[in-house]
Amino acid sequence: MHWEPDKECMDLEELEQLQLEQLQSTLNRVYSHVPFYRKKFDALGITPEDVGSLDDLARLPFTTKADLRDNYPYGLFAVPMREVVRIHASSGTTGAPTVVGYTRNDIRTWSNLVARILTAGGVTKDDVVQIAFGYGLFTGAFGLHYGAERIGASVIPASSGNTTRQIQIMKDFKTTALVSTPSYALLVGETMQEMGIPVSALSLRYGLFGAEPWSDAMRQEIEGRLGIVATDNYGLSEVIGPGVSGECQERQGLHINEDHFLVEVIDPEKLRPVPPGETGELVITSLTKEAFPMVRYRTHDLSSLLPGPCPCGRTGRRMSRVTGRTDDMLIIKGVNVFPSQIERVLFEIEGTEPHYQIVIERKGAMDEATVMVEAGESIFFDQMRRQREMVDTIRKRLAHELGISVDVKLVEKKTLGRSEGKAKRVIDNRKL
Ligand SMILES: [Zn+2]
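Draft legend 1. How the structure looks around the pattern of salt bridges. Applying the stated criterion across every chain, the model contains 32 salt bridges. A salt bridge links D216 to R219; its shortest N-O distance comes to 3.2 Å. In this pair, D216 and R219 both sit in helix 9 (residues 216-226), three residues apart, roughly one turn of the helix. We classify D216 as partly exposed; its relative accessible area is 43%. By relative accessible area, which is 5% here, R219 ends up buried. When salt bridges with common partners are traced through the structure, they connect E190, E194, E374, K414 and R418 into a single cluster.

Draft legend 2. Examining helix 10 (residues 339-348) more closely. Along helix 10, eight of the 10 residues are buried, which leaves the element largely enclosed by surrounding structure. Among all positions in helix 10, only P339, S340, Q341, I342, E343, V345, L346 and F347 are buried. Elements that come into contact with the buried residues of helix 10 comprise helix 9, strand 17 (335-337), strand 18 (352-363), strand 19 (366-375), helix 11 (384-402) and strand 21 (426-428).

Draft legend 3. A look at the sheet that holds strand 12 (residues 297-303). In space, the four strands of this open sheet follow the order 10-11-12-15, with antiparallel pairing throughout. The two strands at the open ends of the sheet, each matched to only one other strand, are strand 10 (261-266) and strand 15 (324-325). Here strand 10 pairs with strand 11 (residues 280-286) via six bridges, running antiparallel. Across the sheet, V265 pairs through a bridge with L282, a residue of strand 11.

Draft legend 4. Just a negative patch on the surface, in detail. On the surface, D11, E13, E14, E16 and D55 cluster together into a patch of negative charge. Following the sequence through the fold, D55 ends up in the loop between helix 3 (35-44) and helix 4 (65-70).

Draft legend 5. Just the coordination of the zinc ion, in detail. For the zinc ion, every protein donor is listed as C248 (SG), H255 (NE2), C310 (SG) and C312 (SG), and the spread of their distances is 2.1 to 2.3 Å. Between the four donor atoms coordinating the zinc ion, the angles at the centre fall across 100 to 116°, so the site counts as tetrahedral. All donors of the zinc ion belong to a single chain; written as a sequence motif, their spacing is C-x6-H-x54-C-x1-C. In this structure, C248 and H255 share a single accessibility class: buried.

Analysis parameters
Residues numbered from 1 in each chain as written. Predicted model: local features only at pLDDT ≥ 70, side-chain atom pairs only at ≥ 80, totals over all residues. Heavy atoms only, no water. Salt bridge = Lys/Arg side-chain N within 4 Å of Asp/Glu carboxyl O. Helix = DSSP H or I, 4+ residues; strand = E, 2+ residues; numbered from the N terminus. Buried < 20%, exposed > 50% of the residue type's maximum accessible area, 1.4 Å probe, protein only. Contact = heavy atoms within 4.5 Å. Pairing = 2+ DSSP bridges. Patch = residues over 30% accessible without salt bridge, like charges linked within 9 Å, V, L, I, M, F, W, Y side chains within 5 Å. Areas by Shrake-Rupley, 256 points an atom, 1.4 Å probe, with all protein chains shown as cover. Lys, Arg positive; Asp, Glu negative; His and termini not counted. Charge placed at Lys NZ, Arg CZ, Asp CG, Glu CD. Donors = N, O, S within 2.8 Å, 3.2 Å for Na, K, Ca; no water. Tetrahedral: all angles 85-135°; square planar, octahedral: opposite > 155°, others 65-115°.

Here is the structure:
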């Protein structure tokens, strides 16, 4: 199933020709309308005319989150405000938020790209799609909403939170597709169990999840609890929002909408492209955006490029699921640790719940990390011996996976906070 088969299954040579033409026109647009880009290009002695092939992309400067902040709010817009029909912003957990804009054409493009991803994930006009992302400045909810409407599906803008009501709606309105973060989907499954609502009481068939990294083990857990086929999709507001890439039902990586985005994977330190298949930082250039074009945006998301055909018939490259962010990387006792590594271990151990938190303290000059893990109902808290065994198993497996020793503490179910958006996995109490 394809939404725009002529685009999604395009001949690769034809695709590259299209990408080059669109890149040149994007560079011309930013050079003449965005002083920030003109200054950067001038400093490097590059003009848009110097870019004669896709390989020349590597000569262009990167754009960073700091550049967006420095140009807050509208400094990087390439069209006058009268042509902007929508404004979104990404949350400013550190510093000022970043603001992005869309023209009428941009909204049309965005809806189409999300429609492709929903279609690849199994959604059709016969589906009832419940959007459990928070509606607001965040691009997730509106992006998926417009894409689902574009397909002709029936959209329920449930927004985030109020999980019992969310489940009631799912049951009564016969929702067939759930759109949320993966961690929220888990919370929905858990809450259903508490409410005594079996999966068979729902009509759910598909889950389209994004906005945070998740593992295959977590996918299996969600699919089991909700009785759905779960696919991953990727995007970020600085580039467009959801719609950059998404999995098809083969689930062999996320198909990149390459006729709209040029995706590179670079070594985050050397800032040079890594070979296909190797993990690095995603860098994205928009090819068709009017209001807020982006040249070589450093996402800090870690992934790899997967060339080669997919059985679904889409021809472009795929990216592996994002495993974490360069800035999520924790350095504990001098060793690089990603929360996703811990998640992978916990999912392999029976009797643990898929909820965990990493607490890091500094005692003297030493880092101490404690992984708090919720124990399932099968582990009763009066069974000291079983608890000790489990703690031991988790500690050993984590030491093996991470290369450092960490403490492990079992806590009762529901002790760790639940999030209705992105899960908070790390509490770093070190004063660094
Ligand atoms: Zn495919």
